[in-house]
Amino acid sequence: MGAFEIKGGKPLKGEIIPQGAKNEALQVISAVLLTEDKVTISNIPNIVDVNKLIELLGDMGVSITQDAPDTYTFEAKNIDLDFFQSPVFKAKGGSLRGSIMIVGPLLARFGKAAIPKPGGDKIGRRRLDTHFLGFEKLGARFDYNPENGFFNVDASNLKGTYILLDEASVTGTANVVMAAVLAKGTTTLYNAACEPYLQQLCKMLNRMGAKISGIGSNLLTIEGVTKLGGTTHRMLPDMIEIGSFIGLAAMTGSEITIKDVQYDELGMIPDIFKRLGIKLERRGDDIFIPAQEHYEIETFIDGSIMTIADAPWPGFTPDLLSIVLVVATQSKGSVLIHQKMFESRLFFVDKLIEMGAQIILCDPHRATVIGLDKQMSLRGIKMTSPDIRAGVSLLIAALSAHGTSTIYNIEQIERGYQYIDQRLIALGADIKRVE
């Protein structure tokens, strides 16, 4: 098991370019299964989860050409449908939560699919009901076999219909949209997710010949077509990385420029960090964060303690709450962090408390942070990364801490952040990979 050894307390400086968005990648790469024509996608991040999905597509018969380090051309002309009952597929599909995203395209194009129960982060229960209830409304029938852990889905006659999603799930919305684009008739999808990732997928599908309207809202109308063609697509930069780098700059008192951020697609992310007292400037399509010795959390208008909570887009993304929590430990002031959308994502705070942070874990969903105002540095410790987002939050804490920290299970971090150690070393960080 690999580990990072970090000597903290060093200010960083320089420019950093965010990778392509992981959450978008899993959707748009799965969408290549909707056509036998060539689809070229650029700005693909070189991370474990995405590479696993690309490998899985290759195993099922998709022709894949790497045109550049971040650009691939896919041609899903000859798909081996027998592969979906194989032990290889069970092993590879079961280890990747993103593998659920291939079900919608397979149902749309071939009328059937099978998927092993997906794995992924241990961040609480994340149901697949939204996906399957949407497929059922379109006419699919599914069966879960608990003995072999497989979902088998039959959808030989998908028909458009009205669907009210039980939750505004990004992956659930994307999967149902991909199933509906080739269904007969019109599908109306209400309570749809409207994250930029989902908007990107819908725009890509429309370029392929789909007829999707209402993009960017929670009400999508999808007129089914008989066939989709090829296209080219460039992915957005990863907003989670961008937020992570803003937090990193604040915690370490660093001057950092984040390049090519697609600022208009970031929603309220910059404003949330400004509420923590972090100064940042938009410079064209870059974000400049000046070195700050102190940053002070705002209060509400009546003087009460600030609360920062996650919510479906255009609310604040849950993937950045752990970054906000870490950043707040060295702020001036207090904040209540309320994680509403997932379970267990705050359970890494015990490691921050061991580092010297002042945090009260109220319950599995809420934590109160009393900022140290950089009057007392966090101290380096040995710790293990529990999941992708908590892992990079602990990495940021370690970079700001006094002394040496060791973070184990870095494979979790690298599932979501490409070459993260090399990119931070280029900014001046003291990180060493150890076994």
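Residues numbered from 1 in each chain as written. Predicted model: local features only at pLDDT ≥ 70, side-chain atom pairs only at ≥ 80, totals over all residues. Heavy atoms only, no water.

**Some points on unusual backbone geometry**
Excluding glycine, most residues fall at negative phi; most peptide bonds, likewise, are trans.
So, point 1. For the bond from Trp313 to Pro314, the omega torsion is 15 degrees, close enough to zero to count as cis.
So, point 2. Within the element layout of this structure, Pro314 appears in the loop between β17 (306-309) and α10 (321-328).
So, point 3. The backbone of Asp373 sits at a positive phi, close to 55 degrees, despite the residue not being glycine.
So, point 4. Structurally, the position occupied by Asp373 is in the loop between β20 (366-370) and β21 (382-384).
So, point 5. On the basis of relative accessible area, Asp373 is assigned to the buried category, the value being 16%.
So, point 6. The backbone phi angle of Lys374 is positive, close to 60 degrees, even though this residue is not glycine. (Helix = DSSP H or I, 4+ residues; strand = E, 2+ residues; numbered from the N terminus. Buried < 20%, exposed > 50% of the residue type's maximum accessible area, 1.4 Å probe, protein only.)

**Regarding the packing of helix α5 (residues 129-137) against helix α6 (residues 170-180)**
A pair of packed helices can be characterised by two numbers: the angle between their axes and the separation between those axes.
So, point 1. At a minimum axis distance of 8 Å, the contact between α5 and α6 shows a crossing angle of 25 degrees. In terms of orientation, α5 lies roughly parallel with respect to α6. The two elements α5 and α6 cross, and the hand of that crossing is right-handed. Here α5 contributes Thr130, His131, Gly134 and Phe135 to the contact with α6, which in turn contributes Thr171, Gly172, Asn175, Val176 and Ala179.
So, point 2. Tallied by class, residues from the contact of α5 with α6 come to three nonpolar, six polar and no charged. (Axes fitted to C-alpha atoms, helices over the stretch in contact; angles between N-to-C directions. Parallel < 35°, antiparallel > 145°, perpendicular 65-115°, else oblique. Left-handed = near helix turned anticlockwise from the far one by under 90°. Contact = heavy atoms within 4.5 Å. Nonpolar A, V, L, I, M, F, W, Y, C, P; charged D, E, K, R; others polar.)

**What to know about the packing of aromatic side chains**
So, point 1. Here the structure, examined in full by the defined rule, presents five aromatic pairs.
So, point 2. Taking 6.0 Å as the distance between ring centres and 75 degrees as the angle between the ring planes, the aromatic pair formed by Phe132 and Phe135 counts as edge-to-face. Pair noted here: Phe132 and Phe135 are both in helix α5, with a separation of three residues, about one helical turn.
So, point 3. You can call Phe135 buried: its relative accessible area is 2%.
So, point 4. Counting every residue linked through ring pairs, the aromatic cluster contains Phe83, Phe84 and Phe89.
So, point 5. Above the ring of Phe342, the side-chain terminus of Arg345 is found at 4.5 Å from the ring centroid. (Phe/Tyr/Trp six-rings, centres within 6.5 Å; stacked < 30°, edge-to-face > 60°. Lys NZ or Arg CZ within 6 Å of the ring centre and 35° of its normal.)

**Some points on the environment of Leu320**
So, point 1. Within the secondary structure, Leu320 is located in the loop between β17 and α10.
So, point 2. Separated by 78 residues in the primary sequence, Leu320 and Ile242 have C-alpha atoms spaced 9.8 Å apart.

**Section: the state of the cysteines**
So, point 1. By the definition in use, this model includes zero disulfides.
So, point 2. The closest cysteine sulfur to the non-disulfide-bonded Cys194 is located on Cys202, 11 Å from its own sulfur.
So, point 3. Assessed through its relative accessible area of 0%, Cys202 is described here as buried. (Disulfide = S-S within 2.5 Å.)

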